[in-house]
2 protein chains.
Amino acid sequence: MSEAEKREYLKRTPVFRGLSDEELDEIVPLLIERKLRGNTVVFHEGDTASAFYLVKTGRVKIYKVSPDGREQVLAILSDGQIFGDVPTFDGGPYPATAETMDDTKIFLIPREDLLGVVRRHPEIAIKVIAVLGQRLRQALELVRDLSFKQVPHRLAGLLLKLADEYGEETEKGTLINLSLSRQELADIVGTSRETVTRELKKMERNQLLRIDRRYITITDREGLKRWARL
Amino acid sequence: MSEAEKREYLKRTPVFRGLSDEELDEIVPLLIERKLRGNTVVFHEGDTASAFYLVKTGRVKIYKVSPDGREQVLAILSDGQIFGDVPTFDGGPYPATAETMDDTKIFLIPREDLLGVVRRHPEIAIKVIAVLGQRLRQALELVRDLSFKQVPHRLAGLLLKLADEYGEETEKGTLINLSLSRQELADIVGTSRETVTRELKKMERNQLLRIDRRYITITDREGLKRWARL
DNA sequence: GAATCAGAGTGACGCAAATCACAGCCGCTC
DNA sequence: GAGCGGCTGTGATTTGCGTCACTCTGATTC
């Protein structure tokens, strides 16, 4: 990938957006490109931070694991999104595990290099604050959902969010263009595979959506919103 | 409160710690002191941020409310701790409600004033990042607990945390020197009042602690840790 | 086309914890 | 001291959902 392309890429990124070309030229040489197969762990929760990551192509999931192996997904990241930011800046361990979901291209910037850049351009710190604030809001929304909403509502809410982010309009309704297994849906919502199956069926029976294998088409968005109690 | 006292106070605060006296002198005049009775709402979730707060005396709880009035407490803050930071820096609405638990003295700094200070002293931004990182880790721990642990373990974990933060050693064990009602404990752990009662009794029966009204003394810390599956 | 295997659907069952419904129990004030 | 209102403790009941134990489906490989 050429320098110029990398620069263009950085401009689409939440932390480096809005920097001048000269500033970006300082960052570009720090980018290290990596290709990863699907289901590759980038780092484990608890590892000490060595780098800051950016997703180029493919999807990366960030999750916590319970002692008995259950997963709670915190975020699924794709093009232009960053991860491993918190530990890079505060020096602590990664608070969750990061794993690729498909074949993926990522960039990484070694921690020390990035800290140098931020020291030289403190205005980046303001952007970082914005990103962390965003993350924190997200995390608190998850807390609210886990604490107050029951599974069917959380699931419906997830589908609506996925439709917004990855939806594609068809004559039947909004097709969620993101191939997730029942287990993956369960890990996001915080429930079991079986319950996802059952609740999806229930929604289908209520004419809210249509299921075809892994593809879900939302046919009644308003109804689904009511179902989600949103 | 005198200027000098305010300066000393700021030095004990996570964001302003480590600043020079001259820098602090710039901040001191921005501090506005407020006395609040117990159970006073400082701001509601969703309000647009007008200021940044610091706790002087008393306790402030930060929490989310469900549509039917249940509360999930995110943090209980006391001397020297700050709140309302995220929205102050990213300009969004407050992500949760803040309410005093007793008669309280707080300081506030209007948003615009604080942003001015940070613009003039970008090194504060680094501190802010550290605080947000800390908050985010905390929030993710809460997610983990809600998602993976069941109520008895969460409750035991809370007691251990309270013992660390507010504990006082006695000959009987560690007395938790913080008067919380069953309902408040329930709101922190994310359960019901009745369940807290029952689970506390269960721990008392198992010789892990002693209950005297609102005062809990932990008599077997190791046992309690095992109970918490920590 | 048989064999294999991961993912998906389904029913039965059990259990943690919420909810409901009361009955004490302090600390108030009048 | 009677009455009152906010916290507690307690049993009975309900329920949401996880778990278990299968079967079924549709790819993939031989």
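Use the structure listed above.
The shown structure was predicted, so the numbers you read here are calculated from the model rather than taken from an experiment. (Residues numbered from 1 in each chain as written. Chains lettered and ligands numbered in written order. Predicted model: local features only at pLDDT ≥ 70, side-chain atom pairs only at ≥ 80, totals over all residues. Heavy atoms only, no water.)

Peer 1: Just checking my understanding: could you explain the sheet that holds strand β12 (residues 215-218) of chain B for this structure?
Peer 2: Strand pairing in a sheet relies on backbone hydrogen bonds. The paired strands run either parallel or antiparallel. All names here are of chain B. Strand order in this open sheet of 4 strands is β9-β10-β12-β11, and the pairing throughout is antiparallel. The open sheet has two edge strands, β9 (167-169) and β11 (209-212), and neither has a second partner. When the angles between neighbouring strand axes are averaged without regard to direction, this sheet yields 25 degrees. The sheet contacts of helix α8 (residues 193-205) involve β11 and β12, and relative to β11 the element is tilted by about 130 degrees. (Pairing = 2+ DSSP bridges. Helix = DSSP H or I, 4+ residues; strand = E, 2+ residues; numbered from the N terminus. Axes fitted to C-alpha atoms, helices over the stretch in contact; angles between N-to-C directions. Contact = heavy atoms within 4.5 Å.)

Peer 1: Help me out: how do you make sense of the packing of helix α7 (residues 182-189) of chain B against α8(B) in this one?
Peer 2: In helix packing, the relevant descriptors are the interaxial angle and the interaxial distance, both defined with respect to the helix axes. Residues and elements named next belong to chain B. Look at α7 against α8: their axes get within 8 Å of each other, and the N-to-C directions meet at 100 degrees. The angle between α7 and α8 falls in the class roughly perpendicular. Two secondary-structure elements touch here, α7 through Arg182, Gln183, Leu185 and Ala186 and α8 through Arg193, Val196, Thr197 and Leu200. The class makeup of the residues in the contact of α7 with α8 is 4 nonpolar, 2 polar and 2 charged. (Parallel < 35°, antiparallel > 145°, perpendicular 65-115°, else oblique. Nonpolar A, V, L, I, M, F, W, Y, C, P; charged D, E, K, R; others polar.)

Peer 1: Would you take a moment to explain the sheet that holds strand β7 (residues 97-100) of chain B for this structure?
Peer 2: Reading across from one edge, β2-β7-β4-β5 (chain B) is the order of the 4 strands in this open sheet, with antiparallel pairing throughout. Taken across any chain shown, the strands that pair with only one partner, and hence form the sheet edges, are β2 (41-43) and β5 (71-77) of chain B. The mean angle between the axes of side-by-side strands here comes to 30 degrees, regardless of whether they run parallel or antiparallel. Strand direction decides the pairing type here: β2(B) and β7(B), joined by 2 bridges, are antiparallel. Within the sheet, the bridge partner assigned to B:Phe43 lies in β7(B) and is B:Ala98. Strand contacts of helix α5 (residues 123-148) of chain A: β4 (60-65) and β5 of chain B, with the helix running at about 135 degrees to β5(B), the strand carrying the most contacts.

Peer 1: What should I look at first to understand the protein's contact with DNA strand C in this one?
Peer 2: Not every one of the 18 residues close to DNA strand C is listed here, only the nearest: A:Arg193, B:Gln150, B:Val151, B:Thr191 and B:Thr195. The sugar-phosphate share of atoms of DNA strand C within 4 Å of the protein amounts to 61%. One of the side-chain nitrogen or oxygen atoms of B:Ser192 is found 3.3 Å away from a phosphate oxygen of DNA strand C. At 5 residues, the largest contribution of residues to the surface near DNA strand C is made by helix α8 (residues 193-205) of chain A. Taken together, the residues that form the surface near DNA strand C break down as 2 nonpolar, 7 polar and 9 charged. (Near = heavy atom within 4 Å. Polar contact = N/O pair within 3.5 Å; in protein donor to acceptor, adjacent residues only side chain to side chain.)

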